[in-house]
Structure formats: structure tokens, C-alpha cells
Amino acid sequence: MKVEVITSSWDVVRTVVSAEGIGTMLFHRLFILDPTLLSFFKFSTSFDFHSLSKDFAAPNRDLFESEGFLNHARIVVGAIDMLVKNLRDLGKCLEILTELGERHKEYGITIPNYDALGVALINTLKAGLGDQFGGKEEESWTWLWGIIKATMTKMY
Ligand code: HEM
């Protein structure tokens, strides 16, 4: 049941929004929740986080259209694509996520940072799907986020 709900809602979002668009929605929401996270990224070195736009319809072009940001956005959305395609057999994905989690620990990413990204993900899906994002979508994506977070932080 969760697998079908996640797959069909992700298909809808991926049809209407590009990978870069989803990445922008996701990381804009994350940076609003915690602007200090910007300082972790190489692409944000010349960006003053006090000037982060609070308007999701008008993300800062210098940040969100930079090649560094777009590359990272494509990678993260690609990782979610990979998980959604392999929901029935997550074995190999979990190995990849574990290695990714080890590197993120080295980057200095903490468990509360993952919680913030989980909130940003749900808010992104709500914004992308509108009325099509209901209780069962929220429950299913919260379940998947729980797996991602637990796997990426199991070495903490
Ligand atoms: C709050 C949570 C997260 C933060 C703050 C974060 C931050 C970062 C940072 C700082 C980098 C290095 C990029 C650079 O040098 O500019 C990175 C790389 C990367 N992130 Fe994240 N990340 C988070 C969660 C995730 C999640 C959930 C995924 C995928 C499921 C992911 C996938 C990647 C990938 C694939 C890379 C490329 C480099 C590598 O493989 O280590 N990240 N992230």
C-alpha cells in the first residue's frame, strides 16, 4: 500500500516539476527552517544567508540557479528517484545510503538536520501535489523518510 502511494505521488511530482525544481523547493524550505545549514555547502560560500528570500515563489537566483546548487539538487533528487524505484527491494539502496550517511557525518550533518530535511520534504510534496497530498501520502512519505534517516544516521 505505502509503496503504491509513494510511487504514484512521486510520478505526479516528477511529471510536473523538474529535478532542479524539486531540489529548489526542497532546499529553499530546508534553508528557511535552518539558514545555518547553508554554510555546509561549497556552492553557498559567497551567499549571505540573511538575504535568503522568504517567498517560495521567488527563490534567490544567485543561489538557486548556480551550477553548484543545481548539481547538488539533481544528485539528491536522483537519490530519491533511486529509492522510489526500488521500494520493494531496498537492500542495495540501503548500502548506498549507509555510505552516504558516513560521508554526511564527516560533513558535520546532525540528526536534527535530518529532521529538518524530513519536514522540508513533506512540505515540498504538499506544495507540489496540492489536494492530491492527503493523509495516506503524508503517512507513506513519513515512513520512507524514517528509513532514509535511520539508515543514514545508524553510525551516529
Ligand atoms: C539536512 C540534511 C542534509 C544536508 C545538510 C546535506 C548536506 C550535504 C553537503 C554539505 C554535501 C557536500 C556538497 C558540497 O560539497 O557542497 C552533500 C553531498 C551530497 N548529499 Fe547531502 N545533505 C543532507 C541530506 C542528504 C540526503 C537525505 C541525501 C540523499 C538521500 C543526500 C545526498 C547527497 C549526495 C548524493 C551528495 C554528493 C556527495 C556524496 O556522495 O557524498 N544528502 N550533502
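Here the residue index of a chain counts from 1 through its sequence in written order. Predicted model: local features are reported for residues with pLDDT of at least 70 only, side-chain atom pairs are reported and counted for 80 or more only, and whole-chain, interface and lining totals are derived from all residues.

1. Overview of the UniProt feature "domain: Globin" (unreviewed entry) in the protein
Here is step 1: UniProt positions are given in the numbering used here, feature names are shortened, and annotations may be inferred rather than shown by experiment. With numbering matched to this structure, UniProt assigns "domain: Globin" (unreviewed entry) to residues 1-156.
Here is step 2: With 69% helix and 0% strand, residues 1-156 has its two end C-alpha atoms placed 31 Å apart. Secondary structure elements are defined from DSSP: runs of H or I of at least 4 residues count as helices, runs of E of at least 2 residues count as strands, and each element is numbered from the N terminus.

2. Comments concerning the site of the ligand
Here is step 1: Phe40, Lys42, Ala79, Asn113 and Leu117 are the nearest of the 19 residues found near the ligand.
Here is step 2: Of all the secondary-structure elements, those providing two or more residues to the shell around the ligand are α4 (67-85), α5 (91-107) and α6 (111-129).
Here is step 3: Grouping the amino acids of the shell around the ligand by side-chain chemistry returns 14 nonpolar, three polar and two charged. For each residue, a C-beta position is placed from the backbone atoms; the residue is near a molecule or strand when that point lies within 6 Å of it. Only Asp, Glu, Lys and Arg are considered charged in this grouping, and only Ala, Val, Leu, Ile, Met, Phe, Trp, Tyr, Cys and Pro are considered nonpolar; every other residue, Gly among them, is considered polar.

3. A word on the nonpolar core
Note that soluble globular proteins tend to have their nonpolar side chains buried in a common cluster.
Here is step 1: Of all hydrophobic cores here, the largest spans 26 residues; its most connected members are Leu26, Leu30 and Leu121.
Here is step 2: Elements with a contribution of two residues or more to this core: α1 (2-16), α2 (19-33), α3 (61-64), α4, α6 and α7 (135-152). What makes a nonpolar core is a set of buried Ala, Val, Leu, Ile, Met, Phe, Trp, Tyr and Cys residues, with links drawn between C-beta atoms within 7 Å. Buried residues are those with 20 or more other C-beta atoms within 10 Å of their own C-beta, exposed residues have 12 or fewer, and partly exposed residues lie in between; C-beta atoms are placed from the backbone.

4. Overview of the packing of α2 against α4
Here is step 1: Axes, fitted as lines to C-alpha atoms, cover a helix only where it is in contact. Angles between the N-to-C directions of the axes lie from 0 to 180 degrees. Two numbers describe how α2 lies on α4: the axes approach to 8 Å, and their chain directions differ by 95°. In terms of axis orientation, α2 runs roughly perpendicular to α4. Counting all contacts with α2, which are made through Ala19, Glu20, Ile22, Gly23, Thr24 and Phe27, the residues of α4 involved are Leu70, Ala73, Arg74, Val76, Val77 and Gly78.
Here is step 2: Residue classes in the contact of α2 with α4 are distributed as seven nonpolar, three polar and two charged. Between 65 and 115 degrees an angle is taken as roughly perpendicular, under 35 as roughly parallel, over 145 as roughly antiparallel, and anywhere else as oblique. Any residue pair is listed as a contact if its two C-beta atoms, each placed from the backbone, are within 7 Å.

5. Section: the environment of Arg14
Here is step 1: You can see Arg14 is positioned in helix α1.
Here is step 2: Accessibility expressed as a C-beta count within 10 Å gives 17 for Arg14, which makes it partly exposed.
Here is step 3: Distance in space between the C-alpha atoms of Arg14 and Ile109 is 27 Å, their sequence separation being 95 residues.

6. Section: α7
Here is step 1: How far a helix is expected to stretch is found by multiplying one less than its residue total by 1.5 Å. Over its 18 residues, α7 extends 26 Å from the first C-alpha to the last, a length consistent with the 26 Å expected when each residue adds 1.5 Å.
Here is step 2: Looking at the buried side of α7, the elements it contacts are α1, α4, α5 and α6.

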